[in-house]
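# Structure at a glance
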Amino acid sequence: MADTEVGYRQIADDTWAFMRPPGSWGQTNTGLIVGPGSASMLIDTMWDVNWAERVVADTAELVADAPITEVLNTHSDGDHWWGNDTVPATARITTSAASLHAMKEETPPKGVHAFASLGAKIGWVPGPVGAMGSYMNRVRGDATFPGALPRLPDHTFETTETIDVAGRSVHLRYLGPAHTEGDLIAHVPDVGVVFAGDLLFIDATPVLWHGPLQNWIDALDHLLELDAAVYVPGHGPLCGTAEIRALRNYWTWVSEAGRSCFDAGLAPTEAAQNLLKSSEFGQYAHWDSPERLILSMSTLYRLWRGEPPAPPTLTRRARAFADAGRYLREH
């Protein structure tokens, strides 16, 4: 299966990834680890109920003799766990303790749906309100969200844990807070595969919602140290270490160049636009949704002002979406 095709592809012995190219908003990759004739683990679920049900249908043959007994949510963004109601009721769902805390605090699907629906109606309005609305509608896309809060994980861990899937060890490690409060990865050492969640955006612009950024850079260093044969990102195509180094270089550049703008007294949106116009940005310009840099810069400015790392409030997201929407209107 080519990288432009949607669906399951085998990435190692009894190990699969469901790919959603190109990896834009809500286009989440998920994974499947099979213990033939015994049991399986599903990694992440999708927020669009139709896509979540497609995953169930597409995995049916793969898990016919190895039912899903374990499910892993890599973090608290809805596009990685709002499909939890489609997994077997008997399956145990695991995430990090920090991720579960964030899931309980996040805006529920009904709230996001209402916000996006309002955005669709007011997106034509000039000014920041319309820009915010159009961008929120862009984030939702054509997704159909669940009507109620999906099933929450029922098992958590603090830093590391190993789950046995029919004799196959899956090593979990909490590497957040970074992208969100509870980012974790799953390493399958017998086949050299790592499911990295949203610590990896490949050919797609990453978003720093929580921070600190240094934690994300440290997490990338840890991923490099694993030297896996295949890395499955939360968004974008499968990758190796070269792509991880490119993402690390991006964050290092954003941190240094953005801080220079902060020290010079520029506003966060102005700083992001300066970076987007710079020659250094050229090597990242082909990544999906480059305007997400505006969202990340709003988080970085909070941190540089000495505010503690924290998940974004609805107000913070609305302001950042308004700035990103305005940028897209002007470019």
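Residues numbered from 1 in each chain as written. Predicted model: local features only at pLDDT ≥ 70, side-chain atom pairs only at ≥ 80, totals over all residues. Heavy atoms only, no water.

## Considerations on the environment of aspartate 221
Formally: The helix and strand labels rest on DSSP assignments: H or I over at least four residues marks a helix, E over at least two residues marks a strand, and numbering proceeds from the N terminus. Only protein chains enter the accessibility calculation, which uses a 1.4 Å probe; a residue whose area is less than 20% of its type maximum is buried, one above 50% is exposed, and one in between is partly exposed.
Take aspartate 221: it is sitting in helix α5 (residues 213–226). Taking the relative accessible area as the measure of exposure, aspartate 221 reaches 24% and is therefore partly exposed. The sequence separation of aspartate 221 and arginine 245 amounts to 24 residues, and the corresponding C-alpha distance is 8.6 Å.

## Things to note about the sheet that holds strand β1 (residues 7–12)
Either a parallel or an antiparallel arrangement is found when strands of a sheet pair, and the pairing is made through backbone hydrogen bonds. Defined as follows: Pairing between strands requires that DSSP locate at least two bridges from one strand to the other. Fitted lines through C-alpha atoms serve as axes, helices being fitted only where they are in contact, and the angles separating the N-to-C directions of these axes extend from 0 to 180 degrees.
Strand order in the open sheet formed by seven strands is β1-β2-β3-β4-β5-β6-β7, with mixed pairing between adjacent strands. Strands with a single pairing partner mark the edges of an open sheet, and in this sheet they are β1 and β7 (155–157). Sheet twist, expressed as the average angle between the axes of neighbouring strands with direction ignored, equals 25 degrees. Here β1 runs beside strand β2 (residues 15–19); their pairing, made up of five bridges, is antiparallel.

## Quick word on the pairing of strand β8 (residues 160–165)
With six bridges connecting them, β8 and strand β9 (residues 168–174) associate as antiparallel partners. Bridging from a neighbouring strand, glutamate 161 pairs with leucine 172 of β9.

## So, the sheet that holds strand β10 (residues 184–188)
Stated formally: Note on definitions: a residue-residue contact is assigned when non-hydrogen atoms from the two residues lie within 4.5 Å.
The five strands lie next to each other as β8-β9-β10-β11-β12, forming an open sheet whose pairing is mixed. Two strands bound the open sheet, and with one partner strand each, they are β8 and β12 (230–235). On average, each strand axis in the sheet is inclined to that of its neighbour by 25 degrees, with strand direction left out of account. Lying on the sheet, α5 is in contact with β9, β10, β11 (193–201) and β12; it crosses β11 at an angle near 160 degrees.

## Focus on the pattern of salt bridges
To keep things clear, this is the line we draw: The salt bridge criterion pairs a side-chain nitrogen of Lys or Arg with a carboxyl oxygen of Asp or Glu, the two atoms within 4 Å.
Taken as a whole and assessed by the stated rule, the structure comprises 10 salt bridges. A salt bridge links arginine 317 to glutamate 106, with the nearest nitrogen and oxygen atoms 3.3 Å apart. With arginine 317 in helix α9 (residues 314–330) and glutamate 106 in the loop between α2 (97–105) and α3 (109–122), this residue pair connects regions lying 211 residues apart in the sequence. Linking arginine 305 and glutamate 307 is a salt bridge whose minimum nitrogen-to-oxygen distance equals 3.1 Å. Taking the relative accessible area as the measure of exposure, glutamate 307 reaches 30% and is therefore partly exposed. Connected via shared salt-bridge partners are Arg302, Arg305 and Glu307.

## What to know about the environment of serine 40
Structurally, serine 40 is set in strand β4 (residues 39–43). Through-space distance from the C-alpha of serine 40 to that of histidine 235 is 22 Å; in sequence the pair is 195 residues apart.

## Considerations on helix α8 (residues 292–304)
Defined as follows: Here the expected length of a helix is defined as 1.5 Å per residue gap, with one fewer gap than residues.
Given a rise of 1.5 Å per residue, 13 residues ought to cover 18 Å, and the 19 Å separating the end C-alpha atoms of α8 matches this to within 8%. Among the structural elements, α4 (128–140), β11, α5, α6 (241–263), α7 (268–277) and α9 are those in contact with the buried residues of α8. In the segment just after α8, glycine 306 is the residue with positive phi, at about 95 degrees.

## Focus on the packing of aromatic side chains
As a reminder, the rule being used: For Phe, Tyr and Trp, where Trp contributes only its six-membered ring, two rings pair if their centres lie within 6.5 Å, and the inter-plane angle classes them as stacked under 30 degrees, edge-to-face over 60, or tilted in between. Sitting over a ring, as applied to charges here, requires NZ of Lys or CZ of Arg to be within 6 Å of the ring centre and within 35 degrees of the ring normal.
Counted by the stated rule, this structure contains 21 aromatic pairs. Look at tryptophan 82 and phenylalanine 145: their rings are 5.3 Å apart centre to centre, the planes differ by 80 degrees, and that puts the pair in the edge-to-face class. Of this pair, tryptophan 82 sits in the loop between β5 (68–72) and β6 (92–96) while phenylalanine 145 sits in the loop between α4 and β7; the two residues are 63 residues apart in sequence, bridging distant segments of the chain. Each member of the pair tryptophan 82 and phenylalanine 145 is classed as buried. On the numbers, 5.1 Å between centres and 85 degrees between planes, the contact of phenylalanine 262 with tyrosine 301 is edge-to-face. Of this pair, phenylalanine 262 sits in helix α6 while tyrosine 301 sits in helix α8; the two residues are 39 residues apart in sequence, bridging distant segments of the chain. Accessibility expressed as a relative area gives 3% for tyrosine 301, which makes it buried. Grouping aromatic residues by their ring pairs yields a cluster made of Phe201, Trp216, Tyr250, Trp251, Trp253, Phe281, Tyr284 and Trp287. Across from the ring centre of tryptophan 51, 3.7 Å away, lies the NZ or CZ of arginine 20, which sits over that ring. Above the plane of the ring of tryptophan 25 lies arginine 292, whose end atom (NZ or CZ) is 4.4 Å from the centre.

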